[in-house]
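Descriptive structure summary
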Amino acid sequence: MDNSMQYGMTKLMADYATDGNLTMAEAKSKLQADAYIRTANETLARYCGVADNDLMTLKKRVSGLLSDCDPSQNRDSIERNVRRWVNEKVQFISRENALKLAFALHLSVKDAEEMMWRLCGEGFHWRDPQDIVWLYALGHEMDFADACALSSRMAPAYRLPEDAEDERETMTENIKMQVGQIQSEDELRTFLKEAAPHLGRLHNTAYQLFTDFMELLKTADAKDNLPADRKMPANEIVITYLYNNLIPQGRKLKASKSVDQAEKDAIKRDIQQNWPDEYALSRMANRETDVSRKVLILLFLACDGGETKYGDFSDESREDIFEDTYARLSSMLADCGFPPLDSRIPFDWMILYCMVADDFVDIDENIPRFLSGIFQLPEEPC
């Protein structure tokens, strides 16, 4: 089976990740030696129709698109930003610039969301009133200036009192179906007014899963040696199930002139970035910030999908735990509006490798072993 086609990733890295014969040490070496982290300029070249190695043309094309899209912006400033994206091979650009490019390139909603996943690590939030306006504008082939004007006209329709509570029972799929049926500006305004109490800027599906997973992990389990009436606190969960103690805290990597070391450092940074701690989980639980994709993936694996519809309810042993786990995890990510696993992202590659196991318990052991290997060398304190 061609994993690159099945999992939507490059064949080389997909084969490495899902090769059940790789030892943990070999996996670490492969990731550090052969990982080809996707850069913003690679994505920009793809969507702009420019050859990957024609960097001069790419800079001119992107700068021109952004300038034409938003003439109010200083051209020199735009060109400096674009030069940095291309010359420094950054992985992500701002969401605002990615959105402008989606309009400038006249992308469909589907293509725009895919490009934004790659350029800024997030797509559209279908319950965010502002994003609903952007989605309508893209779907009706409006340019960016007209989309901004539409947004200004629509703002009063969804403005709520600051003390209004986010409606937690409204899920993304319901909103997506309704938004897809809107055909006119008047229909859009009516929808935003009527739906305003049910909209919000946080992922409700992800939040509900986060809550279910956290509650399950708090519950005493025989292997945790906890009294039946004791709940595991969040500070223990981040160590026991999210391996926070294996992630360097308050440290940064030295700048390296070695290309090889710089690539290894980039891999470490991607895995380390936004790794959850107790404070992050608390903010997510209290709806002070959105549930992150990384947290949701780690909690899913800690619970094997838990008692949600993404859990394992098979009565017989599975022939291929990887296929089953991958399918359930992919379904969850799609339902939450998150991008699928991508072998060009080091964290995702680690997850794919660790899911290749004979038993789900092995996944619990693979992740901390992998992290210990990646972060085994001490880093310099800030």
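So, here is what we can say about the structure in this document.

The rules behind these values
Position numbers for residues start from 1 in each chain and track the written sequence from start to end. In keeping with the predicted nature of the model, local features appear solely for residues at pLDDT of at least 70, side-chain atom pairs appear and are counted solely at 80 or more, and the whole-chain, interface and lining totals rest on all residues. Note that water and hydrogens are dropped before the side-chain values are worked out from all heavy atoms of the structure. Only DSSP runs of H or I covering at least 4 residues are called helices, and only runs of E covering at least 2 are called strands; the numbering of each starts at the N terminus. Two residues form a contact once any of their heavy atoms are found within 4.5 Å. For every accessible area listed, the method is Shrake-Rupley and the probe measures 1.4 Å; residues are considered covered only by the protein chains on display. Angular values range over 0 to 180 degrees, each being the angle between N-to-C directions of two axes fitted as lines to C-alpha atoms, with helices fitted over their stretch in contact. For classification purposes, an angle smaller than 35 degrees is called roughly parallel, one larger than 145 roughly antiparallel, one from 65 to 115 roughly perpendicular, and anything else oblique. Each residue is assigned to one of three groups, with Ala, Val, Leu, Ile, Met, Phe, Trp, Tyr, Cys and Pro labelled nonpolar, Asp, Glu, Lys and Arg labelled charged, and all others, Gly among them, labelled polar. Crossings are assigned a handedness: left-handed for a near helix turned anticlockwise from the far helix by less than a right angle, right-handed for a clockwise turn. Salt bridges, as used here, are contacts in which a Lys or Arg side-chain nitrogen is within 4 Å of a carboxyl oxygen on Asp or Glu. Note on classification: 1.4 Å probe, protein chains only; a residue is buried when its accessible area is under 20% of the maximum for its type, exposed when over 50%, partly exposed between these limits. Each residue after the first adds 1.5 Å to the expected span of a helix. What the arc describes is the spread of directions from the helix axis to the C-beta atoms. Working definition of a nonpolar core: buried Ala, Val, Leu, Ile, Met, Phe, Trp, Tyr and Cys residues. They are joined through side-chain atoms within 4.5 Å. Polar contacts, as counted here, are pairs of nitrogen or oxygen atoms within 3.5 Å of one another; within protein the pair requires one atom able to donate a hydrogen and one able to accept it, and residues that are adjacent in sequence qualify only if both atoms are side-chain atoms. Aromatic rings from Phe, Tyr and Trp, taking only the six-membered ring of Trp, are treated as a pair when their centres fall within 6.5 Å; an angle between ring planes under 30 degrees marks them as stacked, one over 60 as edge-to-face, and anything in between as tilted. Charges are assigned to positions over rings by a cutoff of 6 Å between ring centre and Lys NZ or Arg CZ, combined with an angular limit of 35 degrees from the ring normal.

**Comments concerning the overall build of the chain**
Of the regular secondary structure elements, the chain holds 20 helices and zero strands. Sequence separation of at least 24 residues holds for 67% of the intrachain contacts in the chain that already meet a minimum separation of 6. In the form shown here, the chain has an accessible surface area of approximately 19300 Å², with 48% of it arising from carbon and sulfur atoms.

**Examining the packing of helix H4 (residues 40-48) against helix H5 (residues 55-69)**
Helices that pack against each other are described as a pair by the angle of their axes relative to one another and the distance between those axes. Two elements in contact, H4 and H5, have axes separated by 10 Å at closest approach and are oriented at 75°. The angle between H4 and H5 falls in the class roughly perpendicular. The residues of H5 that touch H4, namely those facing Asn41, Leu44, Ala45 and Cys48, are Leu55, Leu58, Arg61, Val62 and Leu65. Of the residues belonging to the contact of H4 with H5, the class tally is seven nonpolar, one polar and one charged.

**Some remarks on the packing of helix H17 (residues 293-303) against helix H18 (residues 321-335)**
At their nearest, the axes of H17 and H18 sit 11 Å apart, and the two run at 145° to each other. The crossing of H17 and H18 is right-handed. On the side of H17, the interface is formed by Arg293, Leu296, Ile297, Phe300 and Leu301, while H18 contributes Thr325, Arg328, Leu329, Met332 and Leu333. Its residues assigned to classes, the contact of H17 with H18 shows seven nonpolar, one polar and two charged.

**Some remarks on the environment of alanine 206**
The residue alanine 206 is located in helix H13 (residues 204-218) in this model. As a C-alpha pair, alanine 206 and aspartate 290 span 84 residues in sequence and 8.5 Å in three-dimensional space. Residues contacting alanine 206, with those up to four places away along its chain left out, are Val291, Leu296, Cys336 and Phe338.

**Examining the pattern of salt bridges**
Summed over all chains, the structure comprises 16 salt bridges. Glutamate 79 is the salt-bridge partner of arginine 75, the closest N and O atoms lying 2.9 Å from each other. Placement of the pair is arginine 75 and glutamate 79 together in helix H6 (residues 75-87), with a separation of four residues, close to one helical turn. Overall, the relative accessible area of 25% leaves glutamate 79 in the partly exposed class. Among the charged side chains, a salt-bridge network with shared partners connects Arg153, Glu185, Asp186 and Arg189.

**Description of H6**
End to end, H6 covers 18 Å across 13 residues, agreeing with the expected 18 Å (1.5 Å per residue, within 8%). Burial in H6 covers these residues: Ile78, Val82, Trp85 and Val86. The buried residues of H6 occupy one face: seen down the axis, they fall within an arc of 90°. The positive-phi residue at the C-terminal boundary of H6 is lysine 89, with phi of around 50°.

**Some remarks on unusual backbone geometry**
Phi is positive for tyrosine 243, which is not a glycine, with a value near 55°. Classification of tyrosine 243 as buried rests on a relative accessible area of 8%. In this model, asparagine 274 sits at a positive phi of 55°, which is unusual for a non-glycine residue.

**Quick notes on the nonpolar core**
Ranked by internal contacts, the top residues of the largest apolar core, which has 60 residues, are Met332, Ile351, Met355 and Phe370. It is H17 that provides the largest number of residues to this core, a total of nine residues. Sequence-distant contacts of isoleucine 351, defined by excluding residues within four places in its chain, comprise Ile297, Leu298, Leu301, Leu329, Leu341 and Ile367. Core analysis: the next-biggest nonpolar cluster, separate from the first, contains 55 residues, Val50, Leu66, Trp134 and Met142 among them.

**Points about helix H9 (residues 129-139)**
Counted residue by residue, H9 has nine buried out of eleven residues, so it is predominantly covered. When H9 is considered as a whole, its buried residues turn out to be Pro129, Asp131, Ile132, Val133, Trp134, Leu135, Tyr136, Ala137 and Leu138. Capping of H9 at its N-terminal end is provided by aspartate 128; its side-chain oxygen lies 3.0 Å from the backbone amide nitrogen of glutamine 130. Note on H9: the residue one or two positions beyond its end, glutamate 141, has a positive phi of about 55°.

**Section: the packing of aromatic side chains**
Across all of its chains, the model carries nine aromatic pairs by this definition. Both rings, one in tryptophan 134 and one in phenylalanine 144, keep their centres 5.9 Å apart while their planes meet at 15°; by these two values the pair is stacked. Pair noted here: tryptophan 134 is in helix H9 and phenylalanine 144 is in helix H10 (residues 144-158), with a separation of ten residues, a long-range link. The same class applies to tryptophan 134 and to phenylalanine 144, which are both buried. Judged by centre distance (5.9 Å) and plane angle (75°), the ring pair of tryptophan 275 and phenylalanine 347 falls under edge-to-face. Of this pair, tryptophan 275 sits in the loop between helix H15 (259-272) and helix H16 (278-285) while phenylalanine 347 sits in helix H19 (residues 346-355); the two residues are 72 residues apart in sequence, bridging distant segments of the chain. Under the relative-accessibility criterion, phenylalanine 347 is labelled buried at 2%. Sitting over the ring of phenylalanine 347, lysine 294 keeps its end group 4.8 Å from the ring centre.

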